[in-house]
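Structure assessment
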Amino acid sequence: STGLREVSNPSEILLSQRDEALSGTAIAATMEGTRPILIETQALVANSNYGTGQRTSTGFDLRRMSMLLAVLEKRGGFKLLNKDVFLNIAGGIRVDDPAIDLAVIISIISSLEDISISSQYCFASEVGLSGELRPIIRIDQRIAEADKLGFEKIFISKYNTKGLDTSRYKIEIIPLANLEDVIRYVFA
């Protein structure tokens, strides 16, 4: 009856409000057009009843998920061939931004190892085939959004730090080079 109204903070709508830490979830900083949005990636990894595990993805490209699983197998040493892997982008949205790769990988490892990730961590990096963290566009806007929502740490590619004024933010910015560094830092 009032027509269209602006959603002042879509990130808050897309992030679940939870009191306890759960395994299999990670927060990603993505862009929707020119607007930064934080979304929750959810993964469930379970033993397969058949020889080869099935892969299912909602809101994320299935081929890209298969590629990320291959990177986890080869570069991370995680055995996922006999595991069913289910991936969901919370809120029913579809994301094509490669900057959520790191959050997808972290949520999969979190579910596989049944280790919860701090709900105060945010991830923003593309992951390459050799496991390197690749720089992404508009990193300053993504960091500012995570900072505005009160996150404690954001994990980015070290190649995104050139020209980045970190003194503008209260959030701790963790620049890392590759998947091994992230796994060591987050799951140590």
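Residues numbered from 1 in each chain as written. Predicted model: local features only at pLDDT ≥ 70, side-chain atom pairs only at ≥ 80, totals over all residues. Heavy atoms only, no water.

**A word on the overall build of the protein**
Stated formally: Working definition: helices are DSSP H or I runs of at least four residues, strands are E runs of at least two. Numbering for both runs from the N terminus. Think of it in three bands: with a 1.4 Å probe and only protein chains considered, a residue is buried below 20% of the maximum accessible area for its type, exposed above 50%, and partly exposed in between. Note on areas: Shrake-Rupley, 1.4 Å probe, and residue coverage restricted to the protein chains presented here. Charged-residue counts in this description rest on Lys and Arg as positive and Asp and Glu as negative, His and the chain ends being excluded. Here the site of a charge means NZ on Lys, CZ on Arg, CG on Asp, or CD on Glu.
A count of helical and extended segments in the protein gives five helices and nine strands. Walking the protein from its N terminus toward its C terminus, one meets helices and strands in the order α-β-β-β-α-β-α-β-β-β-α-β-β-α. With the principal axes as the frame, the protein shows a C-alpha extent of 50 × 45 × 30 Å. Counting across all 188 residues of the protein, residues that qualify as buried make up 47%. Per element, the accessible surface of the protein, about 9800 Å² overall, is 48% carbon and sulfur. Counting 21 positive and 24 negative side-chain charges, the protein places the averaged centre of each group 5 Å from the other.

**Topic: helix α5 (residues 179–187)**
What counts, and what does not: The arc in question is formed by the directions pointing from the helix axis toward the C-beta atoms.
Those residues of α5 lying buried are L179, V182, I183, V186 and F187. All buried residues of α5 lie within an arc of 100° about the axis, which places them on one face of the element.

**Side note on the pattern of salt bridges**
Quick note on the threshold: We define a salt bridge as a contact between a side-chain nitrogen of Lys or Arg and a carboxyl oxygen of Asp or Glu at a distance within 4 Å.
Within the structure shown, the criterion is met by eight salt bridges. Across the salt bridge formed by R64 and E126, the nearest N and O atoms sit 3.5 Å from each other. Within this pair, whereas R64 is found in helix α2 (residues 62–76), its partner E126 is found in strand β6 (residues 126–127), the two being separated by 62 residues in sequence. For R64, a relative accessible area of 22% gives the class partly exposed. One salt bridge connects D97 with R142, and the closest N-O pair in it is separated by 2.8 Å. A residue pair is termed long-range when its members are at least 10 positions apart, and D97 in the loop between β4 (83–89) and α3 (101–113) and R142 in helix α4 (residues 139–148) qualify at 45 residues. You can call R142 buried: its relative accessible area is 1%.

**As for the side chain of D147**
Going by this rule: What qualifies as a polar contact is a pair of N or O atoms within 3.5 Å, subject to a donor-acceptor requirement within protein and to the restriction that residues adjacent in sequence count only when both atoms come from side chains.
Locating D147 in the fold gives a position in helix α4. Within the buried core, D147 has no salt-bridge partner, and the shortest N-O distance to an opposite charge, that of K170, equals 5.3 Å. A distance of 3.1 Å separates a polar atom in the side chain of D147 from the backbone nitrogen of I171.

**Regarding α4**
When we look at burial in α4, the residues that qualify are I139, R142, I143, E145, A146 and D147. At the C-terminal side of α4, G150 shows a positive phi close to 85°.

**Concerning the pairing of strand β8 (residues 153–157)**
The line we're drawing: Strand pairing is defined by DSSP finding a minimum of two bridges between the two strands.
Across the five residues that make up β8, a large majority, five, are buried. Taken together, the four bridges between strand β5 (residues 121–124) and β8 define a ladder with parallel strand orientation. For A124, the partnering residue across the bridge sits in β8 and is I156. As judged from the five bridges shared by β8 and strand β9 (residues 172–176), these two strands associate in the parallel manner. Bridging from a neighbouring strand, I154 pairs with I173 of β9.

**Brief notes about the sheet that holds β5**
Selection criterion: In this analysis, axes come from line fits to C-alpha atoms, helices being fitted only over the stretch in contact, and the angle between any two N-to-C directions falls in the range 0 to 180 degrees. Here, residues are in contact when the closest pair of their heavy atoms is within 4.5 Å.
On the basis of which strands lie adjacent, the open sheet formed by seven strands has the order β3-β4-β2-β1-β5-β8-β9 and mixed pairing. Single-partner strands in this sheet number two, and they are β3 (55–58) and β9. Sheet twist, expressed as the mean angle between neighbouring strand axes with direction ignored, is 25°. The strands touched by α2 are β3 and β4; relative to β3, the strand with the most contacts, the crossing angle is about 125°. Its contacts with the sheet place α5 against β5, β8 and β9, and it is angled at close to 140° to β9.

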